[in-house]
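Below are the chains, spelled out letter by letter.
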Amino acid sequence: MTRSSPAPVRVVAVPPEPEPADLTALPDPIAVEPLQTLPAATATATTATTASTATAATTSAITTTATTAATTTDVRGRRHRPRPRDLLALLRPGQWVKNLAVVPLALLDTHPWGAAAFLRTGWAVLGFTLASALVYVVNDLADRERDRLHPVKRHRPIASGRVSTLAAVVLTGALALALTGWAVAGPAWQWWPTALYLALSLAYSQGLKHVPLVDAFIVATGFVLRLVQGALLIGTRMSEWLALCVFSLCLMLALGKRRHEMTAAGRAHRPALRGYTLAFLDHLVVLVAVLTAVSYVLYLRDDASLAAGASLVTLLSAPCAVFGLARYLQLLLVEEGGGNPVHVLFRDRATLVNAALWAVLVALALLLPQASA
């Protein structure tokens, strides 16, 4: 009895010693374990269920995507010809207004105006429309891989895949045949400005477009050749000041377009942009804008066929020209526009109102001699 009583005392005395240690160490695990262990099992089951559901959804999505891709492939395989509107978009009809704006400038030095002059002007517009459309298709064929890197140009018909390479080549041949027929049907040897334009454009597509400054100068030269073609077919002398004004104006627009491309998409899509900086382009654009204004005023003073009493009208038209240049610089440098010069010049309200006023003043200055006679 005496020996057995201390044993229980040891048994009772031993458990209390671990208890304080356990009670001190267990509060954190006890508080965490029920929150971790039980929900962990639940979370495991939930995760397993979610994973199986996600796997099923992914499998279904992959199946649907494969089916859609197969259907798209089947549709593309069945459709042997691109849609007519995609072919028309490849010709860029929105850019044809450039020919309507430049070629008829040769009529400024033609007096009196007659039906023959207008018909020959229309013939020149048709020739350069065919030539420029041919150049657009060739450029899009050559730049299709690079255009896919551009945020806007990747939607072009060839770059987006809506028009196949074979269809674009066939369209190029058709345009070349139509342009050859235009040259043969017109006056002999008066198509050389269009031929020179095509040669410059081909050199541009083959590598000159990657040379800084040269690329913009070739684009501006193409517009001067439009003016020369109109003057040749009309049979009038082309003013040197007017040619310089057209060249500097178009050079300003080309440089402005490159500035917008650099700010919008960087330099990756156009290698020539590596030779430009924003500050350099800003200086060039302003310099060429000044040259445009000066050459326009000199054309009005020396070469324009105006009436003797039209000096006041001429004086009033000069501020309109300067305002148009200033408005374009504002759109380019302040509002970060200028990506598409045609849209900038023909969709801006201030520019349209100013151009209408300028056209009325110039028309008065040109028509006064005929009215006085």
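As a reminder, the structure under discussion sits directly above these lines.
In this text the structure is predicted, and so the values were computed from the model without any measurement.

Colleague: With reference to specific residues and values, describe the pattern of salt bridges.
Modeller: Applying the stated criterion to the full structure yields 15 salt bridges. Arginine 162 is paired through a salt bridge with aspartate 86; the nearest N and O atoms lie 3.0 Å apart. With arginine 162 in the loop between helix H8 (157-160) and helix H9 (165-185) and aspartate 86 in helix H4 (residues 84-90), this pair connects stretches of sequence that are 76 residues apart. A relative accessible area of 28% means that arginine 162 is categorised as partly exposed. For aspartate 140, the salt bridge is made with arginine 92, and the minimal N-O distance between the two is 2.5 Å. Of this pair, aspartate 140 sits in helix H6 (residues 115-142) while arginine 92 sits in the loop between H4 and helix H5 (97-102); the two residues are 48 residues apart in sequence, bridging distant segments of the chain. When its relative accessible area of 4% is taken as the criterion, aspartate 140 is described as buried. We classify arginine 92 as buried; its relative accessible area is 19%. Salt bridges linked by common partners bring Arg92, Asp140, Asp147 and Arg156 together as one network.

Colleague: Break down the packing of H6 against helix H11 (residues 214-234) for me, citing the residues and quoting the values.
Modeller: Between H6 and H11, the shortest axis-to-axis distance is 8 Å and the interhelical angle comes to 145°. Every pair of crossing elements has a handedness; the one defined by H6 and H11 is right-handed. Of H11, the residues touching H6 (which contributes Ala117, Arg120, Thr121, Trp123, Ala124, Phe128 and Ser132) are Gly222, Leu225, Arg226, Gln229, Gly230, Leu233 and Ile234. Here the residues of the contact of H6 with H11 sort into seven nonpolar, five polar and two charged.

Colleague: So what's going on with the nonpolar core? Residues and values would help.
Modeller: Grouped together as the largest cluster of nonpolar side chains are 44 residues, with contacts concentrated most on Leu227, Val246, Leu251, Met252 and Leu255. Among the elements of the structure, H11, helix H12 (240-265), helix H13 (278-302), helix H14 (311-334) and helix H16 (349-372) are those that each provide at least two residues to this core. For this core, the leading source of residues is H12, giving 12 residues. Other than its neighbours up to four places away in sequence, valine 246 contacts Val102, Leu105, Phe223, Val224 and Leu227. Grouped together as the second largest cluster of nonpolar side chains are 24 residues, Ala124, Phe128, Ala131 and Leu141 included.

What counts, and at which threshold
Residues numbered from 1 in each chain as written. Predicted model: local features only at pLDDT ≥ 70, side-chain atom pairs only at ≥ 80, totals over all residues. Heavy atoms only, no water. Salt bridge = Lys/Arg side-chain N within 4 Å of Asp/Glu carboxyl O. Helix = DSSP H or I, 4+ residues; strand = E, 2+ residues; numbered from the N terminus. Buried < 20%, exposed > 50% of the residue type's maximum accessible area, 1.4 Å probe, protein only. Axes fitted to C-alpha atoms, helices over the stretch in contact; angles between N-to-C directions. Left-handed = near helix turned anticlockwise from the far one by under 90°. Contact = heavy atoms within 4.5 Å. Nonpolar A, V, L, I, M, F, W, Y, C, P; charged D, E, K, R; others polar. Core = buried A, V, L, I, M, F, W, Y, C linked by side-chain atoms within 4.5 Å.

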